[in-house]
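Understanding the architecture of this molecule
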Amino acid sequence: MGGDGILGVGDIERIKEATSGKRRWLKRRERWLVVLGVVLHAIYMLSIFDIYFKTPIVHGMDLVTPRFKAPAKRLVLMPDGLRADKFFEPDSDGNYRAPFLRSIMKEQGRWGVSHARPPTESRPGHVAIIAGFYEDPSAVTKGWKANPVEFDSVFNRSRHTFAFGSPDIVPIFCSALPHSTWNSYPHEFEDFATGLNASFLDEWSFDQFQSLLNSSNKDPELKQLLLQDNLVIFLHLLGCDSNGHAHRPYSSIYLNNVKVVDRIAENVYNLIEDFFKDNQTAFIFTADHGMSDKGFCLGSPSESLNILECMNDGHKHPTTFDDALILSYNSWGKVITLDKGSHGDGHPSNTDTPLVVWGAGVKHPRPISGSNHSDCGFRFVDEHMHDAPTPIEWGLNDLERVDVNQADIAPLMSTLLGSPCPVNSVGNLPLDYINMTEADEVEAVLANTKQVLNQFLRKSNLISVKDYDTAMKLSQNLRGLALEGLHYFQTYDWLMLMTVVTLGYIGWMVYLVLHVLQNYTSLPETMFRKERAVHLRNNIGKVYLCGYLLIGVLCFLLFLEHSPPLYHAYTAMTIFLWTQIFSQYQFFKGLWGHLRQSRYDYIIKLLATCAVSVFILEFLVNSFTERKLYTWYFLVVGVVASVFLFKSIPWRSGIPIFVWVTCSFLSVFTLMPAEIPDNNQLVIASGVMVVMIGIAAKMLDMHTERNKYWLYILNHDRQKHRFPMLFYIQELLVGLASLMVLLSTSHRTQKQELLPVHQLINWSIAVDQLALMRMPFLHVNHSSSMVLPLFSESGLLSRLTSIFLGFAPAFLLLSIGYEAVFYGALALVLIAWMLFENTLLYLSKVKMSSASMRSMEGKVILDNDDRCLQLFDVRIPLIFLVLFNVAFFGTGNFASIASFEISSVYRFITIFSPFLMAALLIFKLFIPFLLVICVFSAITKLIQIPRFGCYFLVILFSDVMTIHFFFLVRNTGSWMEIGNSISHFGIVSAQVVFVLLLFAITNIYTRDIQTRSVLPSSRKAL
């Protein structure tokens, strides 16, 4: 930690003679490097979609007209957010919740489980059912509600489609469809927090359809249209989905909604049969996704059972599942919670949905036998085995169960209607559902195969000789081979693209290292002499010429191969970076010579630092999938840091004990579940904790002036502050936020709605904070809890305490459980980090007093009184990266959709508004990040190192992780694993922009922080 720079000692006199022109050049170079980094990461981030994922949608294919008679004239599709087990299993009284559909399964039709592929969301699920293909991940860039690419669907191939239901689903398929009649209810109907039973949404859809049939009696044109063939009737039933979100899938409201759906299915069946009277209608009842019910219980298993039983207890029947939780709390005095209903991942409760098919063209039930299935090794898209055992409690073990992939439903519907299969479908026709002659079955399979591979038309001559078995086997085998061929061509460019992008990332990291060594260390002045410029001028032009010629040649070759424009961007960016690197070959020669002349012990120190850095970065990579690693990290770091401090300074200072206690406290949170359980008492207690931390910091700042170990972080200015009541106002706002948590939650629980006055107060606390984050470069003159820190004292501890209190009210209002405590624990660890750096600064001052000039050789002064970076300063960006990641992973999992608990925003909004809700959730996630970066900026000022130099080191270390995650991106396995791998890569890649944006925001708070520095006095001595 002494005086040598990153690779050697500095030449003080040369650095002191640096001109202001050089400083301006450095500023321009920093801006250029930031822009280059943003562009590079934006381009390379897109490479995973070219490498690992390509859209399955192919345009320009011909429709395959089936050569068989349509078994049905019309088809009714009733999808619903319903999980399979809640549909098939009996209730607590032994009665089945869907008696009508159960009678259909036993007497008229076929049944099974439809296996969805994550993301188990409404749009992807309906696309799989209606269009027959699984969306590629690039669809998330436009949201699950927009059509990123136009695709074919069963609705497109119909003569006319009638659709009624949710405004989030029906318009996707019908808004641009000319031969459709559709309607949807207002968005205001989807209010998760009113406590209303959302089954009325299902009734609305049925009423709309019933009104349509009634209107046809007075409208001859509509009547004539309804009597045509190839009609699709789509009733989107959202009740179970909404009730599952609002009341959880174990609630009485959700389970009763299953009965409502069954009654609607029966009414639709009777209505159609009475209207048409031709037995030419096919019915499909299924769901787009299920509903997760993962729970968290602080009581015993028996108490967990009681909470479910109390919902059906006639003596103490709660109106909602929230009331059941309150009832259980009052009865047993313990907090027992379950997560809100959610979906999105690959859990079986989300991927397993019911499928019941009956009517025209559908086989009747068949008793189960050992010979019913032959492909027992087949796996569905959710990795479930074919012929999975049917639970005994379903009471269907005597009937054949026909499971399908969700995309198989599209060719099933097309076959029943006798219409061409959607051209983009990848579904396989489930023959066990359709009731057709053997010849028509082969024709149906052949049409399904031709749709995947039109060239298979030549195989149709086998049907003329009635060799049905051979035709069936060849059709199915070639269909599989065609799909494998599509995969081969989609991955054809993998090797070339991965090589180019990998070299690009390595080039960027080498370029960053060069920039840091040349501009933030004393290394250049040590290695070179003035004559080096002559060689650079003579040779650098040749390097650039060769580089640009190579870019031109390769881009021309890519153009001849009709490669996408992004291929040109990947190649050009990589060659440009390496051209910049090779232009510095003189620097590399000097660097190698300098290393050869360095002391042996310094080489060991350098290698050890690199090894520790790589170890920490690999630890961070693994922490993305295993949050518990942070627990071990903070336990070990707490012990090591406290032992170091105990040996360096007296224990009476309290710093060693404080560091150990705070690290141990923070280590607890990564052992807790990522799905945060509701616990409002804990949120309120956290408000008290925040107030106490603020008071303790204030007392420390005021009464420890003589403590030399705290000296540099205390208030440097003892003059009377112009806003003496600011601290007390901030404490009051934290208390007000805690009070609003209590009032808003209790009133919503009891009255099942959010009072406008509560909503107004909550927004008044947080709205200005959101506005400030959107306008980081504007001067804000109005008062809000997050603007108040701008008027606090400029001492380091004073300003950081004010920032901590300023962020706290909004975070408390957006918290639902233990994450509110995490906010205080993270702040304590940040204080511990600051005290640790303050102690190191004090120890360096002691050493400096004994050998001032020798120590100052490595502390050459740069711009703004910053010194050159040293080897030991690598700890700053590494610690920052750890705390930056734990700022989120301490309370959740960024890659999991289910980790974002929608109830966090219920104190602000209850009407479903995805963009506003997402903005509030992201704002909540930003707050711990902002706190970490404020402390990081303050520490760079405290120890007087260039903040931009540390920023580039942060990006360098982040890109080591990025290149690791680049190779961990998956396109196989469960969709949750695929989505997680994409999320991890995207998160780390975006840090170059994300961290820079947060630096800009936090600079508002930290730019005028003043510290008591050791360097200016030493600088005068020079």
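Treat the numbers as computed from the prediction; the structure is a model and nothing was measured.

The next subject is a nonpolar patch on the surface. On the surface, Leu 550, Val 553, Leu 554, Phe 556, Leu 557, Phe 559 and Leu 560 cluster together into a nonpolar patch covering about 670 Å² of accessible area. Looking at the element boundaries, Leu 550 is found in helix 22 (residues 532-560). The partly exposed category is assigned to Leu 550, whose relative accessible area is 42%.

Right, let's get into the sheet that holds strand 6 (residues 281-286). Taking strand neighbours across the sheet as the criterion, the 8 strands line up as 4-3-5-1-6-9-2-10 in an open arrangement whose pairing is mixed. The strands lining the two open edges of the sheet, one partner per strand, are strand 4 (180-184) and strand 10 (404-405). Bridge count between strand 6 and strand 9 (residues 352-359): 4 bridges; the pairing is antiparallel. Bridging from a neighbouring strand, Phe 285 pairs with Val 356 of strand 9. Each of strand 1 (74-79), strand 5 (231-235) and strand 6 is contacted by helix 6 (residues 122-131), which is oriented at about 160° to strand 1, the strand it contacts most. Contacts from helix 12 (residues 252-276) reach strand 1, strand 5, strand 6 and strand 9 within the one sheet, and its direction differs from that of strand 6 by about 170°.

To continue, consider helix 12. Along an α-helix, residues three or four apart share an orientation, since each turn contains 3.6 residues. In a regular helix each residue adds 1.5 Å, so 25 residues correspond to 36 Å; helix 12 covers 36 Å between its end C-alpha atoms and thus fits that length. The element helix 12 is largely enclosed, with a buried count of 18 among its 25 residues. Within two residues after helix 12, Lys 277 carries a phi angle of roughly 55°, on the positive side.

Right, let's get into helix 24 (residues 585-597). Between its first and last C-alpha atoms helix 24 spans 19 Å; for 13 residues at 1.5 Å apiece the expected length is 18 Å, and the two agree. When helix 24 is considered as a whole, its buried residues turn out to be Gln 586, Phe 587, Gly 590, Leu 591 and His 594. Angularly, the buried residues of helix 24 cover 135° about the axis, an arc narrow enough to put them on a single face. Turned more than 90 degrees off the buried face of helix 24, the exposed positions are Lys 589, Trp 592 and Arg 596.

We now examine the nonpolar core. Ranked by size, the top nonpolar core spans 166 residues in total, and within it Phe 634, Tyr 823, Trp 833, Phe 880 and Leu 998 carry the most contacts. Phe 87, Leu 255, Tyr 269 and Leu 396 belong to the second-largest nonpolar core, a separate cluster that totals 53 residues.

Turning to the packing of helix 34 (residues 875-889) against helix 38 (residues 991-1006), a few remarks are in order. Axis separation between helix 34 and helix 38 bottoms out at 14 Å; the angle between their running directions is 90°. Regarding the angle of helix 34 to helix 38, the classification is roughly perpendicular. Taking contact as the criterion, the partners of Phe 880, Leu 881, Phe 884 and Asn 885 in helix 34 are, on helix 38, Gln 991, Phe 994, Val 995 and Leu 998. For the contact of helix 34 with helix 38, the per-class residue count stands at 6 nonpolar, 2 polar and no charged.

Here we take up the pairing of strand 1. With 6 of 6 residues buried, strand 1 lies mostly within the body of the structure. Side chains Arg 74, Val 76 and Met 78 project from strand 1 onto one buried face, and the interleaved Leu 75, Leu 77 and Pro 79 project onto a second face that is buried too. As defined by bridge partners, strand 1 adjoins strand 5 across 4 bridges and the pair is classed as parallel. Opposite Val 76, over in strand 5, you have Ile 233 as the bridge partner. With 6 bridges connecting them, strand 1 and strand 6 associate as parallel partners. Within strand 6, the residue paired with Leu 77 across the bridge is Ile 284.

It is worth spelling out the packing of aromatic side chains at this point. Evaluation of the coordinates by the stated rule reveals 47 aromatic pairs. Arranged with centres 5.0 Å apart and planes meeting at 10°, the rings of Phe 283 and Trp 358 form a pair that is stacked. Of the two residues, Phe 283 sits in strand 6 while Trp 358 sits in strand 9, which places them 75 residues apart along the sequence. On the accessibility criterion, Phe 283 (1% relative accessible area) is buried. Plain terms: the ring middles of Phe 948 and Tyr 951 are 5.9 Å apart, the flat faces sit at 90° to each other, and that makes the pair edge-to-face. Of the two residues, Phe 948 and Tyr 951 are both situated in helix 36 (residues 947-968); the distance of 3 residues between them amounts to about one turn of the helix. In this structure Phe 948 comes out as partly exposed when scored by relative accessible area, which is 31%. Taken together, the aromatic side chains of Tyr 520, Phe 880, Phe 884, Phe 926, Phe 929, Phe 936, Phe 948, Tyr 951, Phe 952, Phe 994 and Phe 999 make up a single cluster linked through ring pairs. The ring of Phe 276 has Arg 74 lying over it, and the distance from NZ or CZ to the ring centre is 3.7 Å.

The next subject is the environment of Ala 444. On the secondary structure map, Ala 444 appears in helix 17 (residues 438-452). Assessed through its relative accessible area of 3%, Ala 444 is described here as buried. Residues Ala 444 and Phe 68, 376 residues apart in the sequence, show an inter-C-alpha distance of 7.4 Å. Dropping the residues within four chain positions of it, Ala 444 is found in contact with Phe 68, Thr 415, Leu 429 and Met 436.

This brings us to a positive patch on the surface. A surface patch of like charges, here positive, comprises Arg 24, Lys 27, Arg 28 and Arg 31. You can see Arg 24 is positioned in helix 2 (residues 20-45).

Right, let's talk about the pattern of salt bridges for a bit. Evaluated as defined, the whole model comprises 16 salt bridges. A salt bridge links Asp 278 to Arg 74; the shortest N-O distance between them is 2.9 Å. Of this pair, Asp 278 sits in the loop between helix 12 and strand 6 while Arg 74 sits in strand 1; the two residues are 204 residues apart in sequence, bridging distant segments of the chain. For Glu 89, the salt bridge is made with Arg 97, and the minimal N-O distance between the two is 3.6 Å. We classify Glu 89 as buried; its relative accessible area is 15%. When its relative accessible area of 6% is taken as the criterion, Arg 97 is described as buried. Residues joined in a network through salt bridges with shared partners are Lys 86, Glu 89 and Arg 97.

It is worth spelling out the confidence of the model for the protein chain at this point. The share of residues in the protein chain with pLDDT of 70 or more is 72%, and the mean pLDDT across the chain is 76. Long-range and interchain partners of residues 1014-1022, a stretch whose pLDDT sits below 50, account for 19 contacts in this model, where long-range means more than four residues apart.

This part covers the side chain of His 289. Within the secondary structure, His 289 is located in the loop between strand 6 and strand 7 (295-297). Here Asp 241 takes part through its side chain, which lies 3.2 Å from a polar atom of the side chain of His 289. Not counting chain neighbours up to four residues away, the residues in contact with His 289 comprise Asp 80, Gly 81, Leu 82, Thr 120, Glu 121, Ser 122, Asp 241, His 343, Asn 350 and Thr 353.

Rules behind the numbers
- Residues numbered from 1 in each chain as written.
- Predicted model: local features only at pLDDT ≥ 70, side-chain atom pairs only at ≥ 80, totals over all residues.
- Heavy atoms only, no water.
- Patch = residues over 30% accessible without salt bridge, like charges linked within 9 Å, V, L, I, M, F, W, Y side chains within 5 Å.
- Areas by Shrake-Rupley, 256 points an atom, 1.4 Å probe, with all protein chains shown as cover.
- Salt bridge = Lys/Arg side-chain N within 4 Å of Asp/Glu carboxyl O.
- Helix = DSSP H or I, 4+ residues; strand = E, 2+ residues; numbered from the N terminus.
- Buried < 20%, exposed > 50% of the residue type's maximum accessible area, 1.4 Å probe, protein only.
- Pairing = 2+ DSSP bridges.
- Contact = heavy atoms within 4.5 Å.
- Axes fitted to C-alpha atoms, helices over the stretch in contact; angles between N-to-C directions.
- Expected span 1.5 Å × (residues − 1).
- Arc of directions from axis to C-beta.
- Core = buried A, V, L, I, M, F, W, Y, C linked by side-chain atoms within 4.5 Å.
- Parallel < 35°, antiparallel > 145°, perpendicular 65-115°, else oblique.
- Nonpolar A, V, L, I, M, F, W, Y, C, P; charged D, E, K, R; others polar.
- Phe/Tyr/Trp six-rings, centres within 6.5 Å; stacked < 30°, edge-to-face > 60°.
- Lys NZ or Arg CZ within 6 Å of the ring centre and 35° of its normal.
- Lys, Arg positive; Asp, Glu negative; His and termini not counted.
- Charge placed at Lys NZ, Arg CZ, Asp CG, Glu CD.
- pLDDT = per-residue confidence, 0-100.
- Polar contact = N/O pair within 3.5 Å; in protein donor to acceptor, adjacent residues only side chain to side chain.

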